[in-house]
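Structural overview for review
Listed below, chain by chain, are the residues.
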Amino acid sequence: MSAFKELVFSGVQPTGNLHLGNYLGAIKRFVEMQARDAQCLYCVVDMHAITLWQDPAALKGQIREVTAAFLAAGIDPKRSIVFNQSQVPQHAELAWIFNCVARLGWLNRMTQFKDKAGKDRENASVGLYAYPVLMAADILAYRATHVPVGEDQKQHLELTRDIAQKFNNDFSQSIAAHGHDEGAGFFPVTEPLIGGPAARVMSLRDGTKKMSKSDVSDNSRINLTDDADSIAAKVRKAKTDPDALPSEVAGLSGRPEADNLVGIFAALKDVSREDVLRDFGGAQFSAFKGALVELAVETLAPLGAEMKRLVADPAEIDAVLADGAERAEAIAAPTLDAVKDIVGFVRRTRLHAVR
Ligand code: TRP
């Protein structure tokens, strides 16, 4: 059905305050994936967002803001499929079936649940616990082959692979009986794509902590909607150590703030840390920060301005999301029809061909 060799899927949660970490670790890489021979789907995962309480008065705005960031960064909504998760019912349907495939023991090992639930585990939502199962459904509803994510999502992708394999295995006879065994079972084993110089962008105030929307200090992060003056001020205030920059990457070890700023520079400029140190090895931070301010302002200020322009016209964004949802559903619906057949459900007859 699809003319592309690969299917790329990724998601971003609309939980407010998008920052440089979201851009370099995810959105910028989504843009780059469009150059591959791939159908790319980029999803605003609103159903994941509500695993932690979200103010209903703010959530719609947050969903539109992530969409605006996608578009402003260069995701082409004609070439790629841009949508929000809750508009495509197949995500929730497949998640339920996967709830019956995944094992409690698997979910008990998820470190993100432990971090997010904190000490009061009894009071965490069932949704927070089942979060990785919904993520597996996001990916496998499209039978995605490639998933660009940050380092922190690696464990969830391994769980996705486990679910795909267990489904293929538990239902192998039924999969074959329904003519869906394409050599490797029904669901593909997804490739995680983790990496790049800024797979992990750290706080500007503490190079050992991840840049985070929930850090109390706004100076710890560059928000995508910050204007040129605040971007410049935050880079100038960023924590450093007293030494000059090393000329080799090995010299960055044990210097988390230096490593972070060099990584940010490299990612913004599409070069490696080696390249950056070839130019700045031996330089003082004052000089390096000057160059980083210029680069960051030149890249991020127009992006923020375009986001603001787009958010001011919700109708345009909502039209993109509606078009994306329709095209996403056209891919996911045949998968779900096949899954229902495989599991043994009697389904409402519909005339979908399976890709
Ligand atoms: N859990 C991801 C994050 O917080 C977001 C996400 C949800 C996702 N579903 C996905 C990422 C599917 C990749 C594929 O970053």
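Note that this is a predicted model, so its numbers are computed, not measured. (Residues numbered from 1 in each chain as written. Predicted model: local features only at pLDDT ≥ 70, side-chain atom pairs only at ≥ 80, totals over all residues. Heavy atoms only, no water.)

In this section: the side chain of Lys-28. Relative to the helices and strands, Lys-28 resides in helix 1 (residues 20-33). With near-sequence residues (within four places) excluded, Lys-28 lies in contact with Tyr-23, Ala-267, Leu-268 and Asp-270. (Helix = DSSP H or I, 4+ residues; strand = E, 2+ residues; numbered from the N terminus. Contact = heavy atoms within 4.5 Å.)

What follows deals with helix 1. Residues spaced three or four apart along an α-helix face the same direction, because each turn holds 3.6 residues. Here helix 1 spans 19 Å end to end across 14 residues, near enough to the 20 Å set by a 1.5 Å rise per residue. The buried fraction of helix 1 is high, at 11 of 14 residues. Among the residues of helix 1, those classed as buried are Leu-20, Gly-21, Tyr-23, Leu-24, Gly-25, Ala-26, Ile-27, Lys-28, Arg-29, Phe-30 and Met-33. (Expected span 1.5 Å × (residues − 1). Buried < 20%, exposed > 50% of the residue type's maximum accessible area, 1.4 Å probe, protein only.)

Looking at the protein, the domain boundaries give domain 1 (6-198 + 314-343) and domain 2 (218-310). In this complex, domain 1 contributes 19 residues to the contact, which on the side of domain 2 involves 20 residues. Summing both partners gives a buried area of about 1,600 Å² for domain 1 against domain 2, and 70% of it is carried by carbon and sulfur. Where domain 1 packs against domain 2, one counts 1 salt bridge. Residue Asp-270 pairs with Lys-28 through a salt bridge whose shortest N-O separation is 2.5 Å. Counting across the interface, domain 1 meets domain 2 through 4 residue pairs in polar contact (both at pLDDT 80 or more). Residue assignment for the side of domain 1 that touches domain 2 shows that the elements contributing at least two residues are helix 1, helix 3 (56-73) and helix 14 (314-343). With 6 residues, helix 3 is the largest single contributor of residues to the side of domain 1 that touches domain 2. Its residues assigned to classes, the side of domain 1 that touches domain 2 comprises 13 nonpolar, 2 polar and 4 charged. (Domains from an automatic or database assignment. Buried area = accessible area lost by both parts, 1.4 Å probe. Salt bridge = Lys/Arg side-chain N within 4 Å of Asp/Glu carboxyl O. Polar contact = N/O pair within 3.5 Å; in protein donor to acceptor, adjacent residues only side chain to side chain. Nonpolar A, V, L, I, M, F, W, Y, C, P; charged D, E, K, R; others polar.)

This brings us to the site of the ligand. Contacts to the ligand come from 13 residues, most closely from Gln-13, Tyr-131, Met-135, Asp-138 and Gln-153. Interatomic distance of 2.6 Å between a side-chain N/O atom of Tyr-131 and a nitrogen atom of the ligand. Coverage of the ligand by the protein chains reaches 89% of its 360 Å² of free accessible surface. Contributions of two or more residues to the shell around the ligand are made by strand 1 (6-12) and helix 7 (126-140). When residues of the shell around the ligand are assigned to their parent elements, the largest contribution, 4 residues, is made by helix 7. Split into classes, the residues belonging to the shell around the ligand amount to 7 nonpolar, 5 polar and 1 charged. (Near = heavy atom within 4 Å. Areas by Shrake-Rupley, 256 points an atom, 1.4 Å probe, with all protein chains shown as cover.)

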